[in-house]
Amino acid sequence: MGRRRPWLLFAAIPFGFFYFCLWQIPNLTGFPQLLYYIVALLLFRTCQTCIIIPHTALTPELTDDYDERTTLSGWKTLFATISGVIATWFVAKMAEQSSSCYFFGFVSSPYTFTGIIISLILPIPPIVTFLFIRENHDIKIDNEDRGLKTIFTHIKLCLSNKAFSLLMACSLFSWIMTQVNSTMIIFYIKYVIQAEHHLSWFILITQ
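The structure displayed is predicted, hence computed values, not measured ones. (Residues numbered from 1 in each chain as written. Predicted model: local features only at pLDDT ≥ 70, side-chain atom pairs only at ≥ 80, totals over all residues. Heavy atoms only, no water.)

Caption draft 1: Representation of helix α2 (residues 31–62). The end-to-end C-alpha distance of α2 is 47 Å, a good match for the 46 Å that 32 residues give at a rise of 1.5 Å each. Turning to α2, its buried residues number three or more, namely A40, F44, C47, Q48, I51, P54, L58, T59 and E61. (Helix = DSSP H or I, 4+ residues; strand = E, 2+ residues; numbered from the N terminus. Expected span 1.5 Å × (residues − 1). Buried < 20%, exposed > 50% of the residue type's maximum accessible area, 1.4 Å probe, protein only.)

What follows is the structure in structure tokens.
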């Protein structure tokens, strides 16, 4: 099964389940309700980590050719961006709905319906990756010591590279501003220009 693929398989279903839990309103109030969302979010993020890290680490184990690795990373980034835009638009579109939605005959709020749909979609990519991707076992795996001393040595080596440090800083500040913009634009559209009924299209364009 390889070193990476089992993580994708075993974390896929819990990943979707805990995302679904985030969209539910438990019959709790006060601190117990807050605790519910904290636990659900931590479990969701844990499952997300169990998928993202092995999925990222899988790339160098598919091929040892530099150009092929670059191509794989490029396609992965492209599809991640497209799916992120579509998912953001879908959630915003559902948030505009004021009436109840029907799911297999059951009445639910738009937010609950959104949670159900996305929680059913989330496990599919890691499961498909597990089923159809195979590591290249001909690639030599570095079995050097992975202790804390080695990790800190590698971190120091990376940070000593000025080009890498500059790129990391630019990427960090870029993502911070992206998150700030993504958060504030919803309030701007709703309260400043008062065009909440066009929220999904504003978000789609600004993505």
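Caption draft 2: Up close: the environment of W23. Assignment of secondary structure puts W23 in the loop between α1 (5–22) and α2. C-alpha of W23 to C-alpha of F113: the two residues are 90 residues apart in sequence and 8.8 Å apart in space. If we skip the residues at most four places from it in the chain, W23 touches V91, Y111, T112, T114 and G115. (Contact = heavy atoms within 4.5 Å.)

Caption draft 3: Representation of the side chain of T63 in the model. Locating T63 in the fold gives a position in the loop between α2 and α3 (66–95). Residue class for T63 comes out buried when judged on its relative accessible area of 7%. Within the local environment of T63, its side chain forms a polar contact with the backbone nitrogen of D65, the two atoms lying 3.1 Å apart. (Polar contact = N/O pair within 3.5 Å; in protein donor to acceptor, adjacent residues only side chain to side chain.)

Caption draft 4: Here's a closer look at the environment of I185. Following the sequence through the fold, I185 ends up in helix α7 (residues 162–192). Note on I185: relative accessible area 14%, which makes it buried. In sequence terms I185 and F202 are 17 residues apart; their C-alpha atoms lie 8.7 Å from each other.

Caption draft 5: Examining the pattern of salt bridges more closely. Inspection of every chain in the model, using the stated rule, returns one salt bridge. Where E61 meets R4, a salt bridge forms, and the shortest distance between an N and an O atom there is 3.0 Å. Of this pair, E61 sits in helix α2 while R4 sits in the segment before α1; the two residues are 57 residues apart in sequence, bridging distant segments of the chain. (Salt bridge = Lys/Arg side-chain N within 4 Å of Asp/Glu carboxyl O.)

Caption draft 6: Here's a closer look at the nonpolar core. The biggest cluster of nonpolar side chains holds 12 residues, and these are L8, A11, F15, F18, Y19, C21, W23, A40, F44, C47, I51 and I118. At the level of secondary structure, the elements contributing two or more residues to this core comprise α1 and α2. In terms of residue count, the dominant contributor to this core is α1 (six residues). The contact partners of L8, leaving out residues within four places of it in the chain, are I51, P54, H55, P126 and T129. (Core = buried A, V, L, I, M, F, W, Y, C linked by side-chain atoms within 4.5 Å.)

Caption draft 7: Just the packing of α1 against helix α4 (residues 110–121), in detail. Two elements in contact, α1 and α4, have axes whose closest approach is 8 Å; the angle formed by their N-to-C orientations is 170 degrees. Relative to α4, α1 is oriented roughly antiparallel. Contact with α1, carried on its side by G16, Y19 and F20, involves G115, I116, I118 and S119 of α4 and no other residues of that element. Here the residues of the contact of α1 with α4 are counted per class, giving four nonpolar, three polar and no charged. (Axes fitted to C-alpha atoms, helices over the stretch in contact; angles between N-to-C directions. Parallel < 35°, antiparallel > 145°, perpendicular 65-115°, else oblique. Nonpolar A, V, L, I, M, F, W, Y, C, P; charged D, E, K, R; others polar.)

Caption draft 8: Region of interest: the packing of α1 against α2. Where α1 contacts α2, the axes come no closer than 8 Å and their chain directions differ by 150 degrees. Taken together, α1 and α2 sit at an angle that is classed as roughly antiparallel. As α1 packs across α2, the resulting crossing turns out to be left-handed. Its residues placed into classes, the contact of α1 with α2 shows 21 nonpolar, two polar and one charged. (Left-handed = near helix turned anticlockwise from the far one by under 90°.)

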